[in-house]
Amino acid sequence: MKKIVLGISGGCSFLIFLILLFITSHFCHSQLSQQAAERWGNPENTAQISCFFSVNARISKDTILEFEHTIDGALVDASVVQESENEGARLWADAYSADGQVTLSTERGTVSADAIGVGGDFFLFHPEHLLYGSYFSGNDLMQDYCIIDEDAAWQLFGSSDVAGMTVNIGGQPHMVTGVIHREDGHLAEAAGLDSTLVYVSYETLTQLGRSNGINHYEIVMPNPVTEFAYKYVKDHLGSDEKNAEVVENTSRYSLLSRLKLIKQFGTRSMNGRAIIYPFWENIARGYEDIAAVLTLFEILFLAYPVLLALVLFIIWWRHKGWTLRDVRLKLQDKAERLIEKLWARKNKNGYGGVSSGEAEEKKHREKKEKKPWKRKKKDDLGYLEEPHRGFRRK
């Protein structure tokens, strides 16, 4: 009865471990803003890197352009070349953004909203949940585009299906290219998604709104060796550790990263840098903490059945009734018998246990029995008799 109880408890513990493993995997793969490397190419040799700056870092658009001009040369030095037949294919893509506030107005009303001013391929890194319309690119020549959430759409137009309509930002008309669903829930609200949100170009935010400066930069690029991309970005953009933080998004939810996070428990929240994380990074860090706690419970629930199996093995080993020496001697005896059997077969010359002379005699006798018409014998008058052929005189 005791063994049954232990077996059931061990099985239940292992089942809970599998459930926690599945939940952790689901949490880690639900963060689309952390999976740009998978969408861009093979995540095994591609890395997504994020860089966050304080106001004192004074990162400008010119700073980003200077950094971009060095990337191709660095990839050539690392022997990374474009293998695609498409002439327009790129080895890397990046985006920068700044947070701030803008005021939008229509004939129906006016809304003051939190704004993200974007440049580059921002929506490659952040595929927001579009309800209507499409994204715009920060690389477009025309910068009079915007994306609004459904709350702003209802306040400005009285409907959420407003893609293609026009709003005024700072007195300048902007086309609404898309309407998004703003992420909700306790974690999202705590991360900063607790008010109306719009996306505009970086130029619109700096010229027609209130900008806090470029404080986020992201890039997806080849990673020919471990941490190549991370170290390159850190050396060229994040060298001032007091005013910048570099994160490798590609591996942030790996088992090794989660174990390191458990080790940093209690010190992770201590931050001496004046960096304000955007909402997507706050959400990602929240899921990191959840994944680390789940990993800790996974270890505990897996440890119980493993220790139980180890104890049962030790008990069985002590009462098994044989030793390794017995196994060795038995295997040695079987090997010697096999060798003797092979030698015996070899000495019989392949005649199935009879000598070569006996085998020839048996073969000749069988040949005669199969072909009796070749046999000849004399009759009383001296003739040779051949079956089926009559008689002839010798």
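In this report, the structure presented in the accompanying data block is examined.

## Topic: helix 5 (residues 150-157)
Working step 1: The complete set of buried residues in helix 5 reads Ala152, Ala153, Leu156 and Phe157. All buried residues of helix 5 lie within an arc of 100 degrees about the axis, which places them on one face of the element.
Working step 2: Contacts from the buried residues of helix 5 go to strand 2 (93-105), strand 3 (110-120), strand 5 (145-149), strand 6 (166-169) and strand 7 (172-180).
Working step 3: Immediately beyond the C-terminal end of helix 5, within one or two residues, lies Gly158, with a positive phi of roughly 75 degrees.

## Examining the side chain of Glu298
Working step 1: Along the chain, Glu298 falls in helix 10 (residues 279-318).
Working step 2: A polar contact is formed between the side chain of Glu298 and the side chain of Thr24, at a distance of 2.6 Å.
Working step 3: Beyond its immediate stretch of four places on either side in the chain, Glu298 contacts Phe17, Leu20, Leu21, Thr24 and Arg258.

## Regarding the pattern of salt bridges
If the charged atoms of two oppositely charged side chains come close together, the side chains can form a pair.
Working step 1: For the structure shown, the criterion picks out eight salt bridges.
Working step 2: We note a salt bridge from Asp151 to Arg182, for which the minimum N-O separation is 3.0 Å. With Asp151 in helix 5 and Arg182 in the loop between strand 7 and helix 6 (186-191), this residue pair connects regions lying 31 residues apart in the sequence.
Working step 3: Among the residues examined, Asp151 registers a relative accessible area of 32% and is labelled partly exposed.
Working step 4: Linking Arg252 and Glu288 is a salt bridge whose minimum nitrogen-to-oxygen distance equals 3.0 Å. In this pair, Arg252 is assigned in the loop between strand 10 (244-248) and helix 9 (255-263) and Glu288 in helix 10, connecting sequence segments 36 residues apart.
Working step 5: Here Arg252 falls in the buried class, since its relative accessible area comes to 6%.
Working step 6: Residue class for Glu288 comes out buried when judged on its relative accessible area of 10%.

## With respect to the packing of aromatic side chains
Working step 1: Across all of its chains, the model carries 15 aromatic pairs by this definition.
Working step 2: Taking 5.7 Å as the distance between ring centres and 70 degrees as the angle between the ring planes, the aromatic pair formed by Phe123 and Phe136 counts as edge-to-face. With a gap of 13 residues between them, Phe123 in helix 4 (residues 122-125) and Phe136 in the loop between strand 4 (130-133) and strand 5 connect regions that are remote in the sequence. Each member of the pair, Phe123 as well as Phe136, is classed as buried.
Working step 3: Arranged with centres 5.2 Å apart and planes meeting at 85 degrees, the rings of Phe279 and Trp280 form a pair that is edge-to-face.
Working step 4: Residue classification places Trp280 among the buried residues on the basis of a relative accessible area of 5%.
Working step 5: An aromatic cluster is present here, built from Phe122, Phe123, Tyr135, Phe136, Tyr145, Tyr199, Phe279 and Trp280 joined pairwise through their rings.

## Re a nonpolar patch on the surface
Working step 1: Residues Leu307, Leu310, Phe313, Ile314, Trp316, Trp317, Trp322, Leu324, Val327 and Leu331 make up a contiguous nonpolar surface patch of about 980 Å² in total accessible area.
Working step 2: The dominant element in the nonpolar patch, judged by the number of residues it contributes, is helix 10, at six residues.
Working step 3: Residue placement: Val327 occurs in helix 11 (residues 324-347).

## Observations regarding the packing of helix 9 against helix 10
Working step 1: Where helix 9 contacts helix 10, the axes come no closer than 9 Å and their chain directions differ by 90 degrees. Our classification of the angle between helix 9 and helix 10 gives roughly perpendicular. When helix 9 is examined against helix 10, the residues Leu255, Arg258, Leu259, Leu261 and Ile262 are found in contact with a partner set consisting of Glu288, Asp289, Ala291, Ala292, Thr295, Leu296, Glu298 and Ile299.

## A few points about the pairing of strand 10
Working step 1: For strand 10, the buried fraction is high: five of the five residues fall into the buried class.
Working step 2: Pairing analysis gives five bridges linking strand 1 (residues 46-53) to strand 10, with the strands arranged antiparallel. Directly across from Ile49, in strand 10, lies its bridge partner Glu248.

## A few points about the packing of helix 1 (residues 2-29) against helix 10
The geometry of a pair of packed helices is captured by two quantities: the angle between their axes and the separation between those axes.
Working step 1: Across the interface, helix 1 lies against helix 10 with an axial gap of 8 Å and an inter-helix angle of 160 degrees. The orientation of helix 1 relative to helix 10 falls into the category roughly antiparallel. The crossing of helix 1 and helix 10 is left-handed.

How each quantity is defined
- Along each chain, residues carry numbers from 1 onward, in the same order as the chain's sequence is written.
- Totals for whole chains, interfaces and linings use all residues, but because this is a predicted model, local features are given only for residues with pLDDT of at least 70 and pairs of side-chain atoms are given and counted only at 80 or more.
- Where side-chain values are given, they derive from all heavy atoms of the structure, hydrogens and water being excluded.
- Under the scheme applied here, a residue whose accessible area is under 20% of the maximum for its type counts as buried, over 50% as exposed, and between as partly exposed, the area being computed with a 1.4 Å probe on protein chains only.
- Note on conventions: DSSP H or I runs of at least 4 residues are helices, E runs of at least 2 residues are strands, and numbering of each starts at the N terminus.
- The arc in question is traced by the directions running from the helix axis to the C-beta atoms.
- For this analysis, residues touch if any pair of their heavy atoms sits within 4.5 Å.
- Residues adjacent in sequence count toward polar contacts only when both atoms are side-chain atoms; beyond that, a polar contact is any pair of N or O atoms within 3.5 Å, and within protein one must be able to donate a hydrogen and the other to accept it.
- When a carboxyl oxygen of Asp or Glu lies within 4 Å of a side-chain nitrogen of Lys or Arg, that pair is called a salt bridge.
- Only Phe, Tyr and Trp rings take part, Trp by its six-membered ring, and two of them pair if their centres are within 6.5 Å. Stacked means planes under 30 degrees apart, edge-to-face means over 60, and tilted covers everything else.
- Only residues whose relative accessible area exceeds 30% and that form no salt bridge enter a patch; like-charged residues are grouped when within 9 Å of one another, and nonpolar side chains (Val, Leu, Ile, Met, Phe, Trp, Tyr) when within 5 Å.
- All accessibility values rest on the Shrake-Rupley procedure with a 1.4 Å probe; residue burial counts only the protein chains present in the view.
- A fitted line through C-alpha atoms serves as each axis, taken over the contacting stretch for helices, and the angle formed by two N-to-C directions is quoted from 0 to 180°.
- Orientation categories follow fixed angle ranges, with anything under 35 degrees roughly parallel, anything over 145 roughly antiparallel, 65 to 115 roughly perpendicular, and all other angles oblique.
- Any two strands with at least two DSSP bridges between them are considered paired.
- If you view the pair so one helix is near and one far, a crossing is left-handed when the near helix is turned anticlockwise from the far one by less than a right angle, and right-handed when it is turned clockwise.

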